[in-house]
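Here is what each chain is made of, one letter per residue.
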Amino acid sequence: MSMMKTSLAALSLAIALQAAPAMAAASPKEKAEAIANVEAQKKNIQVMVDTIFSFAEPGFQEKRTSAYLADILEKNGFKVTRGVAGIPTAFTATWGEGGPVVALGSDIDNLLGTSQYPGLPYLKPMVEGAPGHGEGHNTGMPLVVAAAIAAKEVMEKNHIPGRLMIWPGVAEELLGTKAYYVRDGMFKGVDLCIFNHVSSDFSTGYGNMGSNGMVSVEYTFKGRTAHAAGDPWDGLSALDAVEIMDTAWNFRREHLPVTQRSHYVITNGGGQPNVVPAKASVWYYFRDQTFASVKHLYDIGTEISQAAAKATGTTVTQQTLGYAAPNFGNKPLAEAAYANIKAVGMPKWTADDQAFAKAVQTINHRELKPLPDQVSPLSTPESRPRSIGGGSDDIGDIMWTVPTITIRYPANIPSMIGHNALSAMAEATPIAHKGVEQGAKALALTVLDIMTTPKLVSDAKAYFNDVQLKTDHYAPLITAADKPGIWLNEKTMREYRPAMEKFYYDPSKYSSYLEQLGIKYPVLEAPAG
């Protein structure tokens, strides 16, 4: 960045921060340095975003993604500990001394069956049936890495004490790890945490965020095989038990609160029709808004499974695979972050960016909304509509352990379907690259505010203890005996990885992933026919 641009950045920050909380102590000069440090990583951000997109690894199988990120952090002076909490693809990367300890994280896993060419506005899988980044988790950790490096350089130059702990969210789509992180003490000694999640807007918030808590449970029934035609009376069908459980649960839905969400898949339905299945399994997600209501659904599921076993003469066992606490954001931390979000502002979208977003929406029959040019208002309990249930995020487990917020950064197109290939179309394009860069700036500035403002840390802790913990208390449903489901998705990657490897990004040969794929941005039409 030129001296003139640095001076202009400092001036704009000084003006913007006049409206920031009075406690903010990082100087405009330090913040201008952090912004310059992020901008200097523009190419690295693009490479990280595109590389992780190309790996396309689902929960617990983020082997290349995890190693790639850990290596980058190690090369930049962070001490990396791999395989934390008994999870091979989890790690922590720490740096610094003295001052507060600030944890920074985002998710790295993707979704099954959402393979998609980036930069195309129409559905076209790269590998038919394979996993893909249908939520955009390829962008979050590049944001965190860029922000951490930028803040670290400012702290070193200006002798600012403080410590950073970088961590990846493994298997978030399975709600599979953060409760284990907390259980195993990974956040012991951490003062504050900032989580980051892809969005089409730029925002943060505090209080009860209206998301559902959740527990993930698999029920396995065991019976006895027999010839399904010759002597079915000698068989005890585990599949019958699964079907009775599912039928009973669906009847029970009518009498459950409207805030609950529950869904299941049969993970094992037997082998072949002429053998009575001796083993069958069904996997449930139970969601609701409080710790107690999630526990209530869990207890109902247990009772119904036992009733189904009795009805069929089988036995049943259950295994808790994951947990997510309801989300609750920290007010002082959110207010400080929001001031920096406003100071940084939205990315400067080009006509090509807007045209691509419109093409994606038009071709896929989605509501037409341009890429936004203004940050969203601070989300507060008073400004949010009443929640009637919905999705979950296991960042909630950390939110009930240390004061935490989520920053949503603008790296995707409005009106997309979540958990769908549509949400992957922009995730290795300039839209994602620009959104990550702006998010990294806001995160780096907030880190500096925390490191230079003891009152921000004490106020965040006071809100956590005096406000948040008065509304509820952390009550996860995993036990000391439960283990992360690190075997999940192994079979999928054994099947698809050989074909997917052909699409891995090679930044030594191509300036972008779109160039490697032969896609000229922006593509605005679907092929004829």
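Residues numbered from 1 in each chain as written. Predicted model: local features only at pLDDT ≥ 70, side-chain atom pairs only at ≥ 80, totals over all residues. Heavy atoms only, no water.

Draft legend 1. How the structure looks around the sheet that holds strand E7 (residues 213-222). Taken in spatial order, the four strands of this open sheet run E8-E9-E7-E10, and their pairing is antiparallel. What marks the edges here is a single partner per strand, and that holds for strand E8 (261-268) and strand E10 (315-324). In this sheet, adjacent strand axes meet at a mean angle of 20° when their direction is disregarded. Examined bridge by bridge, E7 and E10 share nine bridges and lie antiparallel to one another. Within E10, the position partnered with Tyr219 by the bridge is Gln318. Taken strand by strand, helix H7 (residues 238-252) contacts E7, E8 and strand E9 (279-288), and its axis lies near 20° from that of E9. (Pairing = 2+ DSSP bridges. Helix = DSSP H or I, 4+ residues; strand = E, 2+ residues; numbered from the N terminus. Axes fitted to C-alpha atoms, helices over the stretch in contact; angles between N-to-C directions. Contact = heavy atoms within 4.5 Å.)

Draft legend 2. Expanded view of the pairing of E7. Counted residue by residue, E7 has nine buried out of 10 residues, so it is predominantly covered. Judged from the 10 bridges that link them, E7 and E9 form a sheet pairing that is antiparallel. What sits directly across from Lys222, in E9, is Lys279. (Buried < 20%, exposed > 50% of the residue type's maximum accessible area, 1.4 Å probe, protein only.)

Draft legend 3. Here's a closer look at the sheet that holds strand E1 (residues 79-82). Strand order across the open sheet formed by six strands is E1-E2-E4-E3-E5-E12, with mixed pairing between neighbours. Two strands lie at the open edges of the sheet, namely E1 and strand E12 (404-410), each paired on one side alone. Within the sheet, the average angular offset between the axes of one strand and its neighbour, ignoring direction, is 20°. The strands touched by helix H9 (residues 331-344) are strand E5 (192-199) and E12; relative to E12, the strand with the most contacts, the crossing angle is about 20°.

Draft legend 4. Focus on unusual backbone geometry. In this model, Tyr521 is joined to Pro522 through a cis peptide bond whose omega is 0°. Among the secondary structure elements, Pro522 is positioned in the segment after helix H15 (513-517). Positive phi, normally seen in glycine, also occurs at Ala171, with a value near 55°. By secondary structure assignment, the location of Ala171 is in the loop between strand E4 (162-169) and helix H6 (178-183).

Draft legend 5. Fine view of the nonpolar core. Core analysis: the biggest nonpolar cluster contains 161 residues, and Leu104, Leu164, Ile166, Trp167, Phe187 and Phe221 have the highest contact counts within it. The contact partners of Ile166, leaving out residues within four places of it in the chain, are Leu73, Phe78, Phe91, Thr92, Ala93, Leu104, Met141, Val144 and Ala148. (Core = buried A, V, L, I, M, F, W, Y, C linked by side-chain atoms within 4.5 Å.)

Draft legend 6. How the structure looks around the packing of aromatic side chains. Applying the stated criterion across every chain yields a total of 19 aromatic pairs. Seen from their ring centres, Phe55 and Tyr504 are 5.0 Å apart, and the 80° between their planes marks the pair as edge-to-face. You can see Phe55 sitting in helix H3 (residues 42-55) and its partner Tyr504 sitting in the loop between helix H14 (490-501) and H15, a full 449 residues away along the chain. For Phe55, a relative accessible area of 10% translates into the label buried. Seen in terms of ring centroids, Trp249 and Tyr284 are 6.0 Å apart; in terms of plane orientation they differ by 70°. Their pairing is edge-to-face. Here Tyr284 lies in strand E9 and Trp249 lies in helix H7, a separation of 35 residues in the sequence. Overall, Trp249 belongs to the buried group, its relative accessible area being 0%. Residue classification places Tyr284 among the buried residues on the basis of a relative accessible area of 0%. Members of the aromatic cluster, each reached through a chain of ring pairs, are Tyr219, Trp249, Tyr264, Tyr284 and Phe286. (Phe/Tyr/Trp six-rings, centres within 6.5 Å; stacked < 30°, edge-to-face > 60°.)

Draft legend 7. Up close: the environment of His197. Structurally, the position occupied by His197 is in strand E5. The class of His197 is buried, set by a relative accessible area of 13%. Counting along the chain gives 129 residues from His197 to Tyr68, while the straight-line C-alpha distance between them is 20 Å. Among residues more than four places away in sequence, those in contact with His197 are Asp107, Glu135, His137, Asp393, Thr406, Ile407, Arg408 and Tyr409. There is a polar contact of 3.5 Å between the side chain of His197 and the side chain of His137. (Polar contact = N/O pair within 3.5 Å; in protein donor to acceptor, adjacent residues only side chain to side chain.)

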